[in-house]
Amino acid sequence: MTSTSIGPGRTGTGRALLAVLMPAILVTVTASDMVNLMLPSIGAEFGASEAELAWVVTGFLLMFSVGIPLYGRLSDRLGLRSLFAFALVTYAVGSLVCALAPELLVLVLGRMVMGVGAAAIPVLAIISVTRLMPEDERGMGIGVVSAAAGIGTAAGPAIGGGLGQFLGWPALFWLVLVVALVLLPPALRVLPGEAPTGASRFDLLGGVLLGIGAGLVLFGITQAQVAGFGAPSSWGSLLVAVVAIALFGWRTARVAQPFVPPALFANRVYRAAVVVAFLAMAVNLGGLVFVPLLVVDVNGLAPGAGALVMIPAGVAVAVLSPLIGRLADRIGTRPLVLAGLATIGVFALFLSTATGGASVIPAGIGILGLSVGFIFVITPIISAAASALPGDQVGVGLGILQGAQFLGAGTGPALFGVLVAARLQSGSNAINPFYGGQAGAAYSDAFLAMAVVVVLALIVAFRMRPAATSRDS
């Protein structure tokens, strides 16, 4: 791999950069989900209700969703080294608070601090690859980072359940603390400390309004999954989110230097990339959540055994992501994105049709195809978005893109969960006429809904052709 300049007077290799970014992404994504299977144990220890326990997850997600666009914008004004160091230190502090938490409130506060640090790592990793690696290696670098995210998403529940069961839930946070501290010295060595030149001021209040709006949308939909859309915590959060987003739009149109430059969404490739990333991530996370639930509820597997169904998908993502990144550098984005979306759609239909029997093999095949299709979408689409933006908009642009991706990760499973709950309550047969089972009819309908979402994403992706002829055309 060729040498990559990472700042005046400092030279490193792309390999050294990825050696820091990949484990940072891996531990961040893994830690976001690893606590989920341990919630019953935490509830038993602290005497907490299910609604109170939900804040262990929700508190982290709220800080994460608010922070992503802010860190993207800050990277246009501050050095990557200082931002990444702040993120790792904050992440470590939050992990320490969680590991020592004497009560649930302290644990929730610790998770929120973790979310503040964790929000920086995915977006700063992509920005680092985009700015510091040569253009002909950028796709490969994004592929490596995407592989770490895919592995972490698939492995989080399994690692959390396994380690938590044998060592207790505080051990999960001690592990994250150690990894964050170990990564800090190499991050300080390979990342540049210089701030970008020519950076302009921006509207911080507008960024806060955008983050609050996105966070409350996620919280409202999550509450709808638990208590229904009629619950005040659900519709009230969504109402306030609409107000916050409206105020964000009002400020964007009136301030001289808005948080999100309006010209950002005048770019057709970038605009389509944001929508496709949101829809594809909603389906991908929907599959990653509901396939394990399917094999537990319908096929009768224990939760630990159910998590094993995800292993082939995680391995495939790890192997294919860097290769797809290289392929995107050669043949362009649009063909890969269309092929990936088509693959996701086909395997969503497969899951809707073939998972009604006693065997778990169809479920494993379905999530494998879904995950492979998603990597064909997300790796090149991030590279395309970065290439389509001028240098002074890369930070905020990738922050918004990552925020949309994360918002899809939160809203997809929640909305599909509302559908599954409603179909389970009705006890109706599956809408898919080719579904052969009865017990999993609600899951069949959810996977069918995922296929419909993919069709919408395909319609948007067809518009990704740049106005001028380029290698993406």
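Keep in mind that this is a model prediction, so the values were computed, not measured.

### Quick notes on the overall build of the chain
Helix and strand counts for the chain come out as 17 helices and two strands. Considering the chain as a whole, with its 473 residues, one finds that 55% of them fall into the buried category. For the chain, contacts bridging at least 24 residues in sequence account for 81% of all contacts bridging at least 6. Working note: accessible area of the chain is about 18500 Å², and carbon and sulfur atoms make up 70% of it.

### Some points on the packing of aromatic side chains
With the rule as written, the count across this model stands at four aromatic pairs. When the centroid spacing of 6.2 Å and the interplanar angle of 80° are considered together, the rings of tryptophan 169 and phenylalanine 173 count as edge-to-face. Of the two residues, tryptophan 169 and phenylalanine 173, neither departs from the other in class, the shared state being buried. One aromatic cluster is present, formed by Phe46, Trp169 and Phe173 through successive ring pairs.

### Quick notes on the pattern of salt bridges
What the rule picks out here adds up to one salt bridge. Measuring nitrogen to oxygen at the nearest pair gives 2.4 Å for the salt bridge that ties aspartate 445 to arginine 423. In this pair, aspartate 445 sits in helix α17 (residues 441–461) while arginine 423 sits in helix α16 (residues 394–426), placing the two residues 22 residues apart along the sequence. By the burial criterion, aspartate 445 is buried, and arginine 423 matches it.

### A closer look at the confidence of the model for the chain
Low pLDDT marks stretches whose predicted atomic positions should not be read closely. The predicted model of the chain averages 79 in pLDDT, with 86% of residues at 70 or higher. Long-range and interchain partners of residues 467–473, a stretch whose pLDDT sits below 50, account for 14 contacts in this model, where long-range means more than four residues apart.

### A few points about the packing of helix α11 (residues 268–297) against helix α14 (residues 334–354)
Packing of α11 against α14 brings their axes to within 12 Å, and their N-to-C directions diverge by 30°. Between α11 and α14, the crossing angle belongs to the class labelled roughly parallel. At the point where α11 passes α14, the crossing takes the left-handed sense. On the side of α11, the interface is formed by Val276, Ala280, Val283 and Val291, while α14 contributes Val337, Leu341, Ile344 and Leu351.

### Observations concerning the layout of surface pockets
Each pocket or cavity is described by its volume, and for the second largest pocket that value is around 400 Å³. Lining the second largest pocket are 16 residues, and of these Leu210, Ala214, Gly403, Ala404 and Leu407 sit closest to its centre. For the lining of the second largest pocket, the element with the most residues is α16, which contributes five residues. Here the lining of the second largest pocket is built from residues that sort into 12 nonpolar, four polar and no charged.

### Describing the side chain of serine 371
Turning to its location among the elements, serine 371 is positioned in helix α15 (residues 361–388). Classification of serine 371 by relative accessible area gives buried; the value is 5%. Beyond its immediate stretch of four places on either side in the chain, serine 371 contacts Asn284, Leu288, Ala313 and Val317.

Each value, and the rule that gives it
Residues numbered from 1 in each chain as written. Predicted model: local features only at pLDDT ≥ 70, side-chain atom pairs only at ≥ 80, totals over all residues. Heavy atoms only, no water. Helix = DSSP H or I, 4+ residues; strand = E, 2+ residues; numbered from the N terminus. Buried < 20%, exposed > 50% of the residue type's maximum accessible area, 1.4 Å probe, protein only. Contact = heavy atoms within 4.5 Å. Areas by Shrake-Rupley, 256 points an atom, 1.4 Å probe, with all protein chains shown as cover. Phe/Tyr/Trp six-rings, centres within 6.5 Å; stacked < 30°, edge-to-face > 60°. Salt bridge = Lys/Arg side-chain N within 4 Å of Asp/Glu carboxyl O. pLDDT = per-residue confidence, 0-100. Axes fitted to C-alpha atoms, helices over the stretch in contact; angles between N-to-C directions. Parallel < 35°, antiparallel > 145°, perpendicular 65-115°, else oblique. Left-handed = near helix turned anticlockwise from the far one by under 90°. 1 Å grid on protein atoms, 1.4 Å probe; cavity = no way out; pocket = protein on both sides within 12 Å on 5 of 7 lines; lining within 4 Å. Points joined across faces, edges and corners; volume = space filled by probe spheres on them. Nonpolar A, V, L, I, M, F, W, Y, C, P; charged D, E, K, R; others polar.

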